[in-house]
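Letter by letter, the chains look like this.
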Amino acid sequence: MTLGGGVCWGLSGSMGQFLFQHEGMDSRWLVPIRLFLAGVILFIFCFVKHRKPLFQIWTKRRDALLLLAYGLAGVSACQFTYFLTIQLSSAGVGTILQDLSPVMILVCACIAGRRAPKPYEIICIALALAGVTLIVTHGDFGSLAVSEGALISGVISAVCVTVYNMLTAPLTYRYPVVVLQAWSFLMGGAGLALIFRPWQFGYVPGPMGLVGIAFVVVVGNVLAFTLYITGVSLIGPSRGILYGFAEPVTAAVIGTALLGSPFTIWDAVGFLAVFLMLTLISVNGRKPSTQTSPGTGRS
């Protein structure tokens, strides 16, 4: 489930890149629609299968506040910045920048525990920074191979992943994952629509555009989130982040093979560094002495 969820996100990111490059879509138009439609689908499902927890979550003040933060500051903001990064660069860059989030979670754990980083954590931070640096510069450290806007939005996306990872556990212990996603998507779709007003863009998708929208809604939202977070609940977040590396690999392969995205030796070395970072986190996260392990979130 976790591996399948990562692949679904990679496919969705690649479809988003296709829609931006060949269908003339804008992330400010696509993301509110994507989130809202996915929210409607999951809400109908929850109304049939999980009606009691669907509304019960709003009766408890603490859970309601956590859900608002999780859905708006976490999931929705992550979705928008992720697709904005893809629009400004490529699906491969967007997904690999999100993989900075486990390192951010490690740093938060050190700050919260008022402790110095462990040796393996220092290595993880160094690997993550080295990997991303190679990817965004292609080895030319005097210039960026991606735009500053893509780099900034990608890092913000990783921050948002960190936020909703840290808010996930208290809620998933009491409510089905699909309930949390249904409300998050609905709130995000409505909130982003009020901010960006996609109806003012005057954009009308063609047949392939409609297929693409359906794909990113069903595969990228409904299927990916449900598979990944359910899988993580079974195998644990420390292993989940490792299997989730299927996302950037999928996006990079499809982007290079089908969408013409450049993939250099520096990108390969950068991907390897990030993968080694995730492996270290995963291996050490299984140890009983590890009190805080990275969370479950992806794009």
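Residues numbered from 1 in each chain as written. Predicted model: local features only at pLDDT ≥ 70, side-chain atom pairs only at ≥ 80, totals over all residues. Heavy atoms only, no water.

**Details of helix α4 (residues 61-88)**
The terminal C-alpha atoms of α4, which comprises 28 residues, lie 39 Å apart, in line with the 40 Å expected from a rise of 1.5 Å per residue. Within α4, the axis deviates most sharply at Ala77, by approximately 30°. (Helix = DSSP H or I, 4+ residues; strand = E, 2+ residues; numbered from the N terminus. Expected span 1.5 Å × (residues − 1). Bend = angle between axes of the 7 residues up to and from the residue.)

**Observations regarding the packing of aromatic side chains**
The tally for this structure, following the rule as stated, stands at twelve aromatic pairs. Ring geometry for Trp58 versus Trp183: centroids 5.4 Å apart, planes at 90°, classification edge-to-face. On the criterion of sequence distance, the pair formed by Trp58 in the loop between α3 (51-56) and α4 and Trp183 in helix α9 (residues 177-196) is long-range, its members being 125 residues apart. Of the residues examined, Trp58 reaches a relative accessible area of 33% and is grouped as partly exposed. Taking the relative accessible area as the measure of exposure, Trp183 reaches 14% and is therefore buried. Taking 5.5 Å as the distance between ring centres and 75° as the angle between the ring planes, the aromatic pair formed by Phe263 and Phe271 counts as edge-to-face. Owing to a relative accessible area of 39%, Phe263 belongs among the partly exposed residues under this scheme. Overall, Phe271 belongs to the buried group, its relative accessible area being 9%. Here the aromatic cluster, defined as three or more aromatic residues joined through ring pairs, consists of Phe43, Phe47, Phe55, Trp58 and Trp183. It is Arg51 that lies over the ring of Phe47; its NZ or CZ is 4.1 Å from the centre. (Phe/Tyr/Trp six-rings, centres within 6.5 Å; stacked < 30°, edge-to-face > 60°. Buried < 20%, exposed > 50% of the residue type's maximum accessible area, 1.4 Å probe, protein only. Lys NZ or Arg CZ within 6 Å of the ring centre and 35° of its normal.)

**Quick look at the layout of surface pockets**
The volume enclosed by the second largest pocket comes to roughly 270 Å³. Taken together, 22 residues line the second largest pocket, and the ones lying closest to its centre are Ser90, Val93, Val146, Ser261 and Pro262. The leading source of residues in the lining of the second largest pocket is helix α12 (residues 246-258), at four residues. The residue inventory of the lining of the second largest pocket, partitioned by class, reads eleven nonpolar, ten polar and one charged. (1 Å grid on protein atoms, 1.4 Å probe; cavity = no way out; pocket = protein on both sides within 12 Å on 5 of 7 lines; lining within 4 Å. Points joined across faces, edges and corners; volume = space filled by probe spheres on them. Nonpolar A, V, L, I, M, F, W, Y, C, P; charged D, E, K, R; others polar.)

**A closer look at the nonpolar core**
Counting 52 residues, the largest nonpolar core has Leu30 and Tyr70 as its most contacted members. For this core, the secondary-structure elements that each account for two or more residues are α1 (2-22), α2 (27-49), α4, α8 (148-172), α9 and α10 (207-235). Counting 23 residues, the second largest nonpolar core, distinct from the first, contains Ile96, Leu106, Phe271 and Val274. (Core = buried A, V, L, I, M, F, W, Y, C linked by side-chain atoms within 4.5 Å.)

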